Amino acid sequence: MEHSVVYFLLPLNPHIAEKFRFVFLAVLVTIILTTISFLVTRRLETIPKGKQNVFELIISALLDFMKDVMGHESRRFFPLIGSLAFFILTSNLLGLIPGFDSPTGNINTTASCAIVVFFATHYYGFKAHGIKYIKHFTGPIGWLAPLMIPIELVSHIVRPVSLSIRLFGNIFGGHLVLASFAALVPLIVPLPMMVMEIFVAFVQTIVFIMLSMIYISLSVEEAH
Amino acid sequence: MNDDREENDKEGNGLYRQMGSLSTIGINLVVATLVGFAMGYYLDKWFGTKPILMIIFTIFGVAAGFKIIFEIINKK
């Protein structure tokens, strides 16, 4: 593919810039988000107008969505889920700007998001239940526990793997389709695919945060 | 924000939650088998018991995949 914008932003050896471009782009996403949130929260007003209005709309919609999925505990987990949502959505959309690439188009970025969710799940589960959290792993019948523990172990490890592979696969596949269309007919033809990519970016963000919420609320709930 | 809604859906079993969990069935069945196989493969490498743990953990992986599906479907 063509040279990424990272080459021009950083005075680096092109080999290093090529190898670590997803890291630099993830840092760029973080800088963008930090700057925007600083600009928005710098002067908060009771009666919002302008950019504060827009962000209050986005955040209250996100919180309503979380209440729909998680129930009454949603506000406690809003910092984690909200940051994940903003990071993943911005990363997905960044790849649609020519010259940039999606940080989520690399398995390492998505895996790190999913691993954070994995550890948060078990941290909150352990915090909610204490040592009884082990009942989530032993299953309903006591003498079947030696059989159930490996099965539960596998099914807990599956969660971050499937989360990261789904997000990575969708974004990477979309970029591959875009790149091949653009190589064939660069003019009008890739445009419908780009609209499709915007849709995919939103849907994958929603799926990721929804599954994170489901996993966290499953481990906070009582064992079945 | 409308805090009175919190009383209504305390369970949090909304439509979105069901749609989200149902959409994971396909990939989970595949990934569970692969994760089981990978765990068995690397444990075999570690202990030097070439095919035994691989077979056992692949079966565990398949069982875990079906257990995930069973839990999703069985939820009220």
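Residues numbered from 1 in each chain as written. Chains lettered and ligands numbered in written order. Predicted model: local features only at pLDDT ≥ 70, side-chain atom pairs only at ≥ 80, totals over all residues. Heavy atoms only, no water.

## Digging into the pattern of salt bridges
Here the structure, examined in full by the defined rule, presents 4 salt bridges over all chains. Between A:R76 and A:E73 there is a salt bridge, and its shortest N-O distance comes to 2.7 Å. Connected through shared salt-bridge partners, A:E152, B:K67 and B:E71 make up one network. (Salt bridge = Lys/Arg side-chain N within 4 Å of Asp/Glu carboxyl O.)

## Description of the UniProt feature "transmembrane region" (unreviewed entry) in chain B
Residue and element names in this part refer to chain B. Following the UniProt record, one finds the feature "transmembrane region" (unreviewed entry) at residues 21–43 and 49–70. Spanning residues 21–43, this segment combines 91% helix with 0% strand, and its end C-alpha atoms are found 31 Å apart. Annotated as 86% helix and 0% strand, the span residues 49–70 places its first and last C-alpha atoms 32 Å apart. (UniProt positions renumbered as here; feature names shortened; annotations may be inferred. Helix = DSSP H or I, 4+ residues; strand = E, 2+ residues; numbered from the N terminus.)

## Considerations on the interface of chain B and chain A
Residue-level contacts link 28 residues of chain B with 32 residues of chain A. Of the roughly 2600 Å² buried where chain B meets chain A, counting both sides, 67% is carbon and sulfur surface. Inspection of the region where chain B meets chain A yields 1 salt bridge. A:E152 is the partner of B:K67 in a salt bridge, and the nearest nitrogen-oxygen pair spans 3.0 Å. Seen at the junction of chain B and chain A, the total is 2 residue pairs in polar contact (both at pLDDT 80 or more). Elements supplying a minimum of two residues to the side of chain B that touches chain A: α1 (5–8), α2 (15–22), α3 (25–47) and α4 (52–74) of chain B. Residue composition of the side of chain B that touches chain A, by class: 11 nonpolar, 9 polar and 8 charged. (Contact = heavy atoms within 4.5 Å. Buried area = accessible area lost by both parts, 1.4 Å probe. Polar contact = N/O pair within 3.5 Å; in protein donor to acceptor, adjacent residues only side chain to side chain. Nonpolar A, V, L, I, M, F, W, Y, C, P; charged D, E, K, R; others polar.)

## So, the nonpolar core
A general trend in soluble globular proteins is that nonpolar side chains are found buried together. Residues and elements named next belong to chain A. One finds F77, F208, I209 and M213 to be the most contacted residues of the largest nonpolar core, which totals 35 residues. Listing elements by their share of this core, those giving two or more residues are α3 (21–41), α4 (51–70), α5 (78–94), α6 (107–129), α8 (145–184) and α9 (190–220). Tallying contributions element by element places α9 first for this core, with 10 residues. Discounting residues that sit within four places of it in the chain, F77 has contacts with M66, M70, Y124, I216 and V220. (Core = buried A, V, L, I, M, F, W, Y, C linked by side-chain atoms within 4.5 Å. Buried < 20%, exposed > 50% of the residue type's maximum accessible area, 1.4 Å probe, protein only.)

## Section: the packing of aromatic side chains
Residue and element names in this part refer to chain A. Going through the model one piece at a time under the given rule, you end up with 9 aromatic pairs over all chains. An angle of 80 degrees between the planes, with centres 4.7 Å apart, marks the rings of F77 and Y124 as edge-to-face. Separated by 47 residues along the polypeptide, F77 in the loop between α4 and α5 and Y124 in helix α6 bring together distant segments of the chain. For Y124, a relative accessible area of 17% gives the class buried. Between F168 and F172, the aromatic rings sit 5.4 Å apart at their centres with planes inclined by 20 degrees, giving stacked as the arrangement. Here F168 and its partner F172 are both found in helix α8, 4 residues apart, which amounts to about one turn of the helix. By way of ring pairs, the aromatic residues F77, Y123 and Y124 are connected into one cluster. (Phe/Tyr/Trp six-rings, centres within 6.5 Å; stacked < 30°, edge-to-face > 60°.)

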